[in-house]
Amino acid sequence: MAPAPAPPASVVRGSAAVRRRMGAAQPAWGQDIVTDGKSQSVAKTVMGILGYTRWPSEPETVQLCVVGPTEYADELLKGWQLPGARVVQVRRMRLEDAALLTQCHGVYAGRLDDRAWQALRQRLQGQPLLSISERQELCQTDCMFCLDVRDVGFGFETNLDAVARSGVRVNPRVLQLARRKGGA
């Protein structure tokens, strides 16, 4: 088996320390969704990224749409309050749902295959949307943030080109955290 290709120069990695440094987003309300430590780490990191993201027209409530089969999105579905007054509303949507383009500020893509991701990417092109995926490989094909969940540890990669073309602004602190390899 051939080794995986090296990520493009515009892809940088982040560490679990991002959860500590990006603020104290907390669940807004409790639902009876049982989650594990990995799902909780993913949720805190995703909420941290959302908290440091700005849209051209700043929403009062940030809508995060979860698409495709997921391994770590259960904790996200509980709903979250970002520091300040912003609330994050998270919901599952089908890939072909037209509301994906009009009612979502961010897309959390689960384990989409390459074909489904390409189709979604084409639909999202030109929209000011944050994109986060559970598949690291998608950072090589225009996903902004890709999670790296391991048995021991957690991190993420960032595709700087995708961030620049996204129509949203991500605080440079998030991008600096992504450059750090390993724990801090």
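In what follows, the structure referred to is the one given above.
Description of the structure in this document.

About the criteria used
- Note on numbering: residues in each chain are counted from 1, in written sequence order.
- This being a predicted model, a pLDDT of at least 70 is required before a residue's local features are given, and a value of 80 or more before pairs of side-chain atoms are given or counted; all residues contribute to the totals for chains, interfaces and linings.
- Remark: hydrogens and water are excluded; side-chain values derive from all non-hydrogen atoms of the structure.
- Accessible area is worked out with a 1.4 Å probe on protein chains only. A residue is then buried under 20% of its type maximum, exposed over 50%, and partly exposed in between.
- The secondary structure listing takes helices from DSSP runs of H or I that are at least 4 residues long and strands from runs of E that are at least 2 residues long, numbered from the N terminus.
- Note on pairing: DSSP must find at least two bridges between two strands before they are called paired.
- Contacts between residues were defined by any pair of non-hydrogen atoms, one from each residue, lying within 4.5 Å.
- Two cysteine sulfurs form a disulfide in these notes if their separation is within 2.5 Å.
- The length a helix should cover is 1.5 Å for every residue beyond the first.
- In protein, a polar contact requires one atom able to donate a hydrogen and another able to accept it; more generally it is a pair of N or O atoms within 3.5 Å, and residues adjacent in sequence count only if both atoms are side-chain atoms.
- Working note: the arc is built from the helix axis to C-beta atom directions.

**A closer look at the pairing of strand 10 (residues 154-159)**
When a strand is regular, its side chains alternate between the sheet's two faces.
Logical step 1: Across the six residues of strand 10, six count as buried, placing the element largely inside the fold.
Logical step 2: Both faces of strand 10 are covered, namely the face carrying Phe-154, Phe-156 and Thr-158 and the face carrying Gly-155, Glu-157 and Asn-159.
Logical step 3: The sheet contact formed by strand 9 (residues 145-149) and strand 10 spans five bridges and is antiparallel. By the bridge assignment, Cys-146 is partnered in strand 10 with Glu-157.
Logical step 4: Where strand 9 folds back onto strand 10 in an antiparallel hairpin, the turn is made up of four residues, including Gly-153, whose phi is positive at roughly 100°.

**Here we look at the environment of Leu-129**
Logical step 1: Position of Leu-129 among the secondary structure elements: in the loop between helix 4 (114-124) and strand 8 (130-133).
Logical step 2: Since its relative accessible area comes to 7%, Leu-129 is described here as buried.
Logical step 3: In this structure the C-alpha to C-alpha distance between Leu-129 and Arg-54, which are 75 residues apart in sequence, comes to 10.0 Å.
Logical step 4: Ignoring anything within four residues of it in the chain, the contact list for Leu-129 reads Trp-55, Cys-104, His-105, Gly-106, Val-107, Leu-124, Met-144, Ser-166 and Val-168.

**Notes on the state of the cysteines**
Logical step 1: If you walk through the whole model with that rule in mind, you get two disulfides.
Logical step 2: Each sulfur of the disulfide joining Cys-65 and Cys-104 lies 1.9 Å from the other. As the torsion about the S-S bond is roughly -90°, the Cys-65-Cys-104 disulfide counts as left-handed. Within this pair, whereas Cys-65 is found in strand 4 (residues 61-67), its partner Cys-104 is found in the loop between helix 3 (99-102) and strand 7 (106-109), the two being separated by 39 residues in sequence.

**Observations concerning helix 2 (residues 37-51)**
Each α-helix winds once per 3.6 residues, and so residues spaced three or four apart point in a common direction.
Logical step 1: With 15 residues, helix 2 extends 21 Å from end C-alpha to end C-alpha; this agrees with the ideal 21 Å at 1.5 Å per step.
Logical step 2: The buried count for helix 2 comes to 11 of 15 residues, which makes it a mostly enclosed element.
Logical step 3: Buried within helix 2 are the following residues: Ser-39, Ser-41, Val-42, Ala-43, Thr-45, Val-46, Met-47, Gly-48, Ile-49, Leu-50 and Gly-51.

**Points about the side chain of Ser-166**
Logical step 1: Take Ser-166: it is sitting in the loop between helix 5 (160-165) and strand 11 (169-170).
Logical step 2: Under the relative-accessibility criterion, Ser-166 is labelled buried at 7%.
Logical step 3: Of the polar contacts made by the side chain of Ser-166, one reaches the backbone nitrogen of Val-168; its length is 3.1 Å.

**Description of unusual backbone geometry**
Logical step 1: We note that Asp-142 has phi near 75°; this positive angle belongs to a residue other than glycine.
Logical step 2: With respect to the element layout, Asp-142 can be found in the loop between strand 8 and strand 9.
Logical step 3: Residue classification places Asp-142 among the partly exposed positions, given a relative accessible area of 26%.

**Re helix 4**
Logical step 1: All of the buried residues in helix 4 are Trp-117, Leu-120 and Leu-124. Seen from one end, helix 4 has its buried residues packed into an arc of 65°, which puts them on one side.
Logical step 2: N-cap assignment for helix 4: the residue whose side-chain oxygen lies 3.2 Å from the backbone N of Arg-115 is Asp-113.
Logical step 3: Backbone geometry just after helix 4 places Gly-126 at a positive phi near 90°.

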